Amino acid sequence: MQRDDHVCLCFRVSLGKVRAYLAREDPKVASLISECLGAGTGCGWCVPYLKHLHHQHTQGQTPDIPGSADDYEHGRTRFKATGSRDHPIDPEPNT
Ligand code: FES
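Residues numbered from 1 in each chain as written. Predicted model: local features only at pLDDT ≥ 70, side-chain atom pairs only at ≥ 80, totals over all residues. Heavy atoms only, no water.

Draft legend 1. Up close: helix H3 (residues 69-82). Between its first and last C-alpha atoms H3 spans 20 Å; for 14 residues at 1.5 Å apiece the expected length is 20 Å, and the two agree. Among the residues of H3, those classed as buried are Tyr72, Gly75, Arg76 and Phe79. In an axial view of H3, the angular spread of the buried residues amounts to 100°, which keeps them on one side of the axis. Summarising the geometry of H3, the exposed residues directed more than 90 degrees from the buried face are Asp70, Ala81 and Thr82. Turning to H3, the residues buried within the fold contact strand S1 (6-8) and helix H2 (47-58). Just past H3, the residue Gly83 takes up positive phi, approximately 80°. (Helix = DSSP H or I, 4+ residues; strand = E, 2+ residues; numbered from the N terminus. Expected span 1.5 Å × (residues − 1). Buried < 20%, exposed > 50% of the residue type's maximum accessible area, 1.4 Å probe, protein only. Arc of directions from axis to C-beta. Contact = heavy atoms within 4.5 Å.)

Shown next as structure tokens:
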């Protein structure tokens, strides 16, 4: 995913904005990312991804989401239609 791609599609919060929030605020829990323009407080699609980004931040890694913005957006469309995730992301890989 690129810096200007939206992680939270409901509130149009980009990966760059989430990265900046994590760097600036260093939130103790992922749910505090909601303070960044409401990220994660809409349909819920992005919540596992926000947890993933938060986990990467706590590990000293550059927060990132694998795959393209198109695939991400299509996954969210299916999620909204079916309520299920085709390829759930592991919020805390390698733990
Ligand atoms: S995509 Fe973030 S709450 Fe819907």
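Read on, since the account is not over.
Draft legend 2. Examining helix H1 (residues 15-25) more closely. Among the residues of H1, Leu15, Gly16, Val18, Tyr21 and Leu22 are the ones counted as buried. In this structure, the buried side of H1 is in contact with S1, strand S2 (13-14) and H2. Immediately beyond the C-terminal end of H1, within one or two residues, lies Asp26, with a positive phi of roughly 45°.

Draft legend 3. View of the side chain of Ser14. Locating Ser14 in the fold gives a position in strand S2. Ser14 sits in the buried class, given a relative accessible area of 9%. In this structure the side chain of Ser14 is engaged in a polar contact, spanning 3.1 Å, whose partner is the backbone nitrogen of Lys17. Ser14 has contacts with Arg3, Asp4, Asp5, His6 and Val7, leaving out every residue within four places of it along the chain. (Polar contact = N/O pair within 3.5 Å; in protein donor to acceptor, adjacent residues only side chain to side chain.)

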